[in-house]
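# Chain and residue survey
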Amino acid sequence: MKKRKFNGKKWGIILGSIAGLIGVCVILCFTLFSLKSVSVDFRSSTSVLTDQEEAIVESGEFSYGGCVLFLGKKGAIAKIEKDHPYVKVVNIETVFPSSYIIHCVERQEVYALELNDKTYICDEQFKVLRIEAGEYQGGMDKPILYKGLRVNNSNAEIGEFLQIENEIDIFSEFIKNNRLLHEQKALIQDIEVGKLFDENIKKEQAFIKLSLYDGQTYLIKNATYGLEYKVAKMLAVYSNIFSIVGQKIDSNLPDGDDNVWTVEKIKNSTIEINNYYRTDLHDEKECYFKVIPPQNSINN
């Protein structure tokens, strides 16, 4: 069989063409596709971050002149969110041929946590937005005090996330029930989480207790099960709770002023919300409530 003769000239032309094509691509990357501009697009209203666009861009430390096809964005996002705690970057969009747009929203002050004689103001993800000295002074337009949380990094700094073991995301459940943050703040004075021993099943279950500004307390038992529906039940009860004014508190006790629901007694009551124990008969959407009058309000 006759051997083919190696054609060095032909291969030289092919390799030269490939090298030339690569060279053209490199030139295009660092000319046509080189990063020239970065802008900010807020996807929410702003308060703290108003007129901070230029500072946000600068904190990203973008490599201008680098190819937008290959520049990493994760590092820039981390720097921006560290230097500007109220910024939550949704994404960084590449606009060809040579621009970035930082799409972001302003984080909201949702919770207040008292740690080490300080108050940590956090968003719903427990990112530390700012730190105040001393005990928390709340209000109906201020973050909701959240108590009972086990925080593993109680010395966290502004811009870091608190590492919490027993958080219950009550904020999101209210959002699912069409109650936005300003409504939650106006309603809830403080939140407490913990565990209660349930005599019926002989084990501890998570609870979440909400103390309202009008004096009522809502105790949601087994709070990690069907919480969305228990919040819905709570809101339904809250809207109609004063309809029981004038009714007997305990039907087993004789009539009398002490055994009648009043506005004041309702305002100082605890309303327990729980699911049914027979989960083979009831799903997580089904729950019930029980109104417990203030201690010693009957036959005092």
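Every chain's residues receive numbers from 1 upward, in the order its sequence appears when written. Two thresholds apply to this predicted model, a pLDDT of at least 70 for residue-level local features and 80 or more for giving and counting side-chain atom pairs, whereas whole-chain, interface and lining totals are computed over all residues. In computing side-chain properties, one takes all heavy atoms of the structure into account and sets aside hydrogens as well as water.

A word on helix H3 (residues 74-83). Throughout, exposure labels follow a simple rule: accessible area from a 1.4 Å probe, protein chains only, divided by the maximum for the residue type, with under 20% read as buried, over 50% as exposed, and the rest as partly exposed. Under the DSSP-based scheme used, a helix requires at least four consecutive residues in state H or I and a strand at least two consecutive residues in state E, with every element numbered from the N terminus. All of the buried residues along H3 are Ala76, Ile80 and Glu81. Angularly, the buried residues of H3 cover 125° about the axis, an arc narrow enough to put them on a single face. It is the directions from the helix axis to the C-beta atoms whose arc is reported.

On to the sheet that holds strand E2 (residues 87-95), then. Two strands are said to pair when DSSP picks up at least two bridges between them. Overall, mixed pairing links the three strands, which are arranged E1-E3-E2 in an open sheet. Taken across any chain shown, the strands that pair with only one partner, and hence form the sheet edges, are strand E1 (37-42) and E2. For this sheet, the mean inter-axis angle between neighbouring strands, taken without regard to orientation, is 25°. In terms of strand pairing, E2 meets strand E3 (residues 99-106) through eight bridges, oriented antiparallel. Bridge assignment links asparagine 91 to a residue of E3, and that residue is histidine 103. Only the stretch in contact is used when a helix axis is fitted, and all axes are lines through C-alpha atoms; the angle between N-to-C directions ranges over 0 to 180 degrees.

Counting 43 residues, the largest nonpolar core has Leu113, Tyr146, Leu162, Ile208 and Leu210 as its most contacted members. Sort the elements by how many residues they give to this core and helix H6 (residues 227-240) lands first, with five residues. Whether two residues are in contact is decided by their heavy atoms, any of which lying within 4.5 Å being enough. Other than its neighbours up to four places away in sequence, leucine 113 contacts Lys118, Thr119, Tyr120, Cys122, Phe126, Tyr146, Leu149, Val151, Leu162 and Ile164. Residues Leu35, Ile56, Ile80 and Ile102 belong to the second largest nonpolar core, which totals 19 residues. The set of buried Ala, Val, Leu, Ile, Met, Phe, Trp, Tyr and Cys residues whose side-chain atoms join them within 4.5 Å is what this entry labels a nonpolar core.

Turning next to the sheet that holds strand E4 (residues 111-115). On the basis of which strands lie adjacent, the open sheet formed by nine strands has the order E6-E5-E4-E7-E8-E9-E10-E11-E12 and mixed pairing. Every other strand in the sheet has two partners, leaving strand E6 (128-133) and strand E12 (287-292) as the edge strands with one partner each. This sheet shows a mean twist of 25° between the axes of neighbouring strands, independent of strand direction. Here strand E10 (residues 217-220) runs beside strand E11 (residues 270-275); their pairing, made up of four bridges, is parallel. Bridge pairing in E11 links threonine 217 to threonine 270.

The next subject is the pairing of strand E7 (residues 144-147). Pairing between E4 and E7: two bridges, direction parallel. When the bridges of E7 are listed, alanine 112 appears paired with leucine 145. Sheet analysis places E7 next to strand E8 (residues 188-198), joined by three bridges and oriented parallel. Bridged to tyrosine 146 within E8 is isoleucine 191.

A few words on unusual backbone geometry. Note: most residues except glycine have negative phi, and most peptide bonds are trans. The residue after phenylalanine 96, namely proline 97, is reached through a cis peptide bond having omega 15°. Within the secondary structure, proline 97 sits in the loop between E2 and E3. Non-glycine residue asparagine 116 carries a positive phi angle of around 55°. Relative to the assigned elements, asparagine 116 resides in the loop between E4 and strand E5 (118-122). Under the relative-accessibility criterion, asparagine 116 is labelled partly exposed at 44%. Even without a glycine there, the phi angle at lysine 202 is positive, about 60°. Examined against the element boundaries, lysine 202 turns out to sit in the loop between E8 and strand E9 (203-212). Under the relative-accessibility criterion, lysine 202 is labelled exposed at 55%.

Let's shift gears to the side chain of aspartate 190. Take aspartate 190: it is sitting in strand E8. Dropping the residues within four chain positions of it, aspartate 190 is found in contact with Ile144, Leu145, Lys147, Lys209, Leu210 and Ser211.

Looking now at H6. Within an α-helix, residues lying three or four positions from one another point in the same direction, as the helix has 3.6 residues per turn. The end-to-end C-alpha distance of H6 is 20 Å, a good match for the 20 Å that 14 residues give at a rise of 1.5 Å each. In this structure, the buried residues of H6 make contact with helix H4 (170-176), helix H5 (181-187), E9, E10, E11 and E12. The span one expects for a helix is its residue count, reduced by one, times 1.5 Å.

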